[in-house]
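As a plain string of letters, each chain reads:
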Amino acid sequence: MQFTTLVAFTLAATTSVYGAPIHKRIAQVISDSTTKWEAACNAAGGGAQCNQVAVASFSTLLAAPGPCEQQNAADNMVDLAKTLSSNADMIKFAQIFAQQPRNSPTSLSVPYCQSAPRNAELNGLFQCQFQGDNPTTFVGGIAVGGNGTIPFGMSAPVNPAGSCPANPSGPIADGSQLVDLTQNPGVGGTTTSKNTTGGSNSTSTVATPSAIPSSSSSNSDCGEDPAESTPTASPTMAASSAAATSSATPSSTSGNFKLANGQNAQKLNAQFATLTTTSLCTEGTNACVNGAFAQCVGGTYVTQSCGSGLICAALPLVNSAGTSITCTTNADALARIVATGAQGGLTG
């Protein structure tokens, strides 16, 4: 059975003046960052894997994920492209995604990843910053020149500050999407600082909701699932962020995981129903709070509306043991759970 999941996360913002004591959360519709990649993936025959990887990827633009999570997600996008005849459009849009500015809750520049990507196609790429980000101070109060303020493989700060290979002139407008500004990822382009990036392997971790601690599993929900025989995260297809989280179930043989997935999704949804924005949580974990997607930042949940007609819900994976947390319609969430054989609706 095939289902369609609609996702639209918007980061809340408040206005402020650059340099003023009151900081702002720069707004962007993070799902827009992977729309073109997902369309290219669908056209290439990627099926439901396209949405799974897209959701996991755009969620790394939130404030909580680590500095390499966005790069890891772009690696996952390229990995999938290589299984689809190395689709050129998918690779191009993955390269641009790797350079999309991330959300900064305090108007400070976001630190750069300090390790090389898995795929050579991403060598030398790093995220732009938004124009509203302080160009001289990074998150954590780190001054330019400190740890994480110079992209991996470079020997001097980015110049112009806030620029990236796809937009070498400087930072981009607050809330805008790099993929809407250019179709050129800037591969082979130069900045003032010399790039000497090499190729090594980096892996990502999959956060799970604090409501029910669990081990991670593959989040590939369509086609041949690399985790069918072993319920552990695949480095190429696993969700690399908190917004498409996997939660492993006890069994992944003979299809028994399907019912367990449905029941585990119900347990998560029941626990989510008890949460509020003031509930204590573990940094970086995610959940659903009052129907909105929520991520733990600073020990409390920060919510993002799913959009009109959508709810946040835990859903069972189809081809592997685990669950995912995303925005979808109420009808779709119910249909997915019913399809596993679980009874009792969303919460059991």
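Here, residues in each chain are numbered from 1, in the same order as that chain's written sequence. The predicted origin of the model limits local features to residues at a pLDDT of at least 70 and limits the giving and counting of side-chain atom pairs to 80 or more, whereas totals for whole chains, interfaces and linings rest on all residues. Values reported for side chains reflect all heavy atoms of the structure, with hydrogen atoms and water molecules removed beforehand.

## Looking at the sheet that holds strand E2 (residues 134-138)
Sheet strands associate in pairs through backbone hydrogen bonding, adopting either a parallel or an antiparallel arrangement.
In step 1: Spatially, the three strands line up as an open sheet ordered E1-E2-E3, and their pairing is mixed. Each having just a single partner strand, strand E1 (108-109) and strand E3 (142-143) make up the two edges of the open sheet.
In step 2: Here the rule is simple: two strands pair whenever DSSP picks up at least two bridges between them. Secondary structure follows DSSP: runs of H or I at least 4 residues long count as helices, runs of E at least 2 residues long count as strands, and numbering of each begins at the N terminus. In this structure, E1 lies alongside E2, joined through two bridges in parallel fashion. Across the sheet, the residue bridging to Ser109 is Phe138, located in E2.

## A look at unusual backbone geometry
In step 1: The peptide bond linking Asn159 to Pro160 adopts the cis configuration, its omega dihedral lying at 5°.
In step 2: Checked against the element boundaries, Pro160 lands in the loop between E3 and helix H5 (178-181).
In step 3: Despite not being glycine, Ser85 shows a phi value in the positive range, around 60°.
In step 4: Tracing the chain through its elements places Ser85 in the loop between helix H3 (69-83) and helix H4 (88-97).
In step 5: With a phi close to 60°, Ser107 is a non-glycine residue in the positive phi region.

## Structural notes on the confidence of the model for the protein chain
In step 1: pLDDT expresses, on a scale from 0 to 100, how confident the predictor is about each individual residue. When pLDDT is averaged along the protein chain, the result is 76; 73% of the residues meet or exceed 70.
In step 2: Per-element averaging of pLDDT across the protein chain places strand E8 (residues 323-328) at the bottom with 83 and H4 at the top with 97.
In step 3: Contacts were defined at the residue level, with two residues in contact if any of their heavy atoms lie within 4.5 Å. Counting interchain partners and residues more than four positions distant, the pLDDT-below-50 stretch residues 1-23 has 64 contacts.
In step 4: In this model residues 188-254 is a low-confidence stretch, pLDDT under 50, and it forms 200 contacts with partners more than four residues away in sequence or in other chains.

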